[in-house]
Amino acid sequence: MKRILIIGSHGMLGQDLVKVFEADQNWEVFAYDRNEIDIASEKSLREKIERADPSVVVNAAAYNAVDKCESDEIEYELAKKINGYGPGILAKICADTGISLAHYVSDYIFDGEKGEYKENDKPIPISNYGRSKFLGEEEIQKNTDKFWLIRTSKLFGKIGKSPMAKKSFFDTMIQAAKDNSVLKVVDEEKSCFTYTPDLALETKKIIEEQIPFGIYHVVNEGACTWYEAALELFKLAKMEVEIVPVPSSEFPRPAKRPKSSVLLNTKLKPLRHYTEALKEYLDNNYNF
Ligand SMILES: NC(=O)c1ccc[n+]([C@@H]2O[C@H](COP(=O)([O-])OP(=O)(O)OC[C@H]3O[C@@H](n4cnc5c(N)ncnc54)[C@H](OP(=O)(O)O)[C@@H]3O)[C@@H](O)[C@H]2O)c1
């Protein structure tokens, strides 16, 4: 039986990774989150890797408080540890022991000026969060050759299990529509939504098919703005809501977002359209 270690197993993506690997009897799954493993501690990582003795590690742990680490230096240091140096240490341990590593990165490593990005486009982050995620890419590539860097964007799926877990955009919109008859939604920041069960399955495929190591863009098809996605959501949910498109300047936030950061997948088979995945998510989780 093959052995896999999943770090960040209580997160939105992590819990789906655990589900898809545990559903397959060919895999023995070791899954840990913040209470059992610290991605920023070499000692903690070495202990768990020694115990699990995996052939592959998937790291879905991350610091994701985009605005908090923009306005607070201590938080930025933490973001660099969790998203940057920690994954670098993990990569070094994996290289020492011959283990392959899959790790996730964000479209926020791009500045958004070009609009659409291929796997080999040069990252130019414009926020501290983006810089911390790009640092992770650099640290991993510096420390191991056996890596899959999987860039993704706008995740949606079941909320993570931790008390600090963030709801996805679609759950937030559904709640907002229950509380308000008119919603203002940003008609900018075009990028791709990604359904976490689809991303988890694609990760399994990359690992099992031994796709060559390197950088990949894994997102659902159908790039859109937040406003365009909200229109699709309420159409699918058959909810009567008035949605008003607004520029992002209507909701000022500490961290800059890329104007358009569409990740182009030029290396793998495309995933299904996000609206198809969204319909499945709504059918499985809501009773409209
Ligand atoms: N969410 C998005 O829209 C999005 C977009 C692009 C890329 N990504 C990337 O996709 C990956 C998965 O994201 P996600 O949304 O599933 O993340 P998530 O729900 O925030 O889950 C991350 C998990 O990592 C845990 N964690 C935090 N610090 C840790 C530490 N020091 N050691 C071990 N575990 C720690 C968190 O625990 P606590 O909750 O207790 O802190 C949480 O359970 C990440 O690499 C993320 O950067 C996400």
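Residues numbered from 1 in each chain as written. Predicted model: local features only at pLDDT ≥ 70, side-chain atom pairs only at ≥ 80, totals over all residues. Heavy atoms only, no water.

Visitor: Can you help me understand the site of the ligand in this one?
Guide: Among the 25 residues in the neighbourhood of the ligand, the closest are listed as Leu13, Asp33, Arg34, Lys133 and Ser162. In the environment of the ligand, a nitrogen atom lies 3.0 Å from a nitrogen or oxygen atom belonging to the backbone of Ile39. In the model, an oxygen atom of the ligand is placed 3.0 Å from a nitrogen or oxygen of the Asn64 side chain. Taken by itself the ligand offers 900 Å² of open surface, and the protein chains cover 88% of this. Looking at the shell around the ligand, the elements that each hand over two or more residues are helix H1 (12–22), strand E4 (100–106) and helix H5 (128–143). (Near = heavy atom within 4 Å. Polar contact = N/O pair within 3.5 Å; in protein donor to acceptor, adjacent residues only side chain to side chain. Areas by Shrake-Rupley, 256 points an atom, 1.4 Å probe, with all protein chains shown as cover. Helix = DSSP H or I, 4+ residues; strand = E, 2+ residues; numbered from the N terminus.)

Visitor: Mind showing me how you'd approach the packing of helix H6 (residues 169–179) against helix H8 (residues 226–237) here?
Guide: What describes two packed helices is the angle between their axes and the distance between those same axes. Running from N to C, H6 and H8 cross one another at 65°; their axes reach a closest spacing of 11 Å. Relative to H8, the element H6 lies roughly perpendicular. When the axes of H6 and H8 are compared, the crossing they make is right-handed. Residue-level contacts link Phe169, Phe170, Met173, Ile174 and Ala177 of H6 to Trp226, Ala229, Ala230, Leu233 and Phe234 of H8. Class assignment for the residues of the contact of H6 with H8 results in ten nonpolar, no polar and no charged. (Axes fitted to C-alpha atoms, helices over the stretch in contact; angles between N-to-C directions. Parallel < 35°, antiparallel > 145°, perpendicular 65-115°, else oblique. Left-handed = near helix turned anticlockwise from the far one by under 90°. Contact = heavy atoms within 4.5 Å. Nonpolar A, V, L, I, M, F, W, Y, C, P; charged D, E, K, R; others polar.)

Visitor: Could you clarify how one ought to interpret the nonpolar core in this entry?
Guide: When a protein is soluble and globular, its nonpolar side chains tend to lie buried together. Grouped together as the largest cluster of nonpolar side chains are 39 residues, with contacts concentrated most on Ile7, Val57 and Leu90. Here this core takes seven residues from helix H4 (residues 73–97), the largest share from any one element. Setting aside residues up to four positions removed in sequence, Leu90 forms contacts with Ile7, Ile39, Leu45, Ile49, Val57, Asn59 and Leu101. Counting residues in hydrophobic clusters, the runner-up holds 29 residues, among them Ala176, Val185, Phe234 and Ile243. (Core = buried A, V, L, I, M, F, W, Y, C linked by side-chain atoms within 4.5 Å. Buried < 20%, exposed > 50% of the residue type's maximum accessible area, 1.4 Å probe, protein only.)

Visitor: Got a minute to help me understand the layout of surface pockets in this structure?
Guide: Rolling a probe over the atoms, with the probe sized like a water molecule, indicates the empty space that remains. Taken as a whole, the second largest pocket encloses approximately 170 Å³ of empty space. Looking at the second largest pocket, the residues that line it are Asp16, Lys19, Val20, Gly157, Lys158, Tyr195, Pro197, Glu280, Tyr281, Asn284 and Asn285. Taken together, the elements giving at least two residues each to the lining of the second largest pocket come down to H1 and helix H9 (274–285). A breakdown of the residues in the lining of the second largest pocket according to their chemical character gives four nonpolar, three polar and four charged. (1 Å grid on protein atoms, 1.4 Å probe; cavity = no way out; pocket = protein on both sides within 12 Å on 5 of 7 lines; lining within 4 Å. Points joined across faces, edges and corners; volume = space filled by probe spheres on them.)

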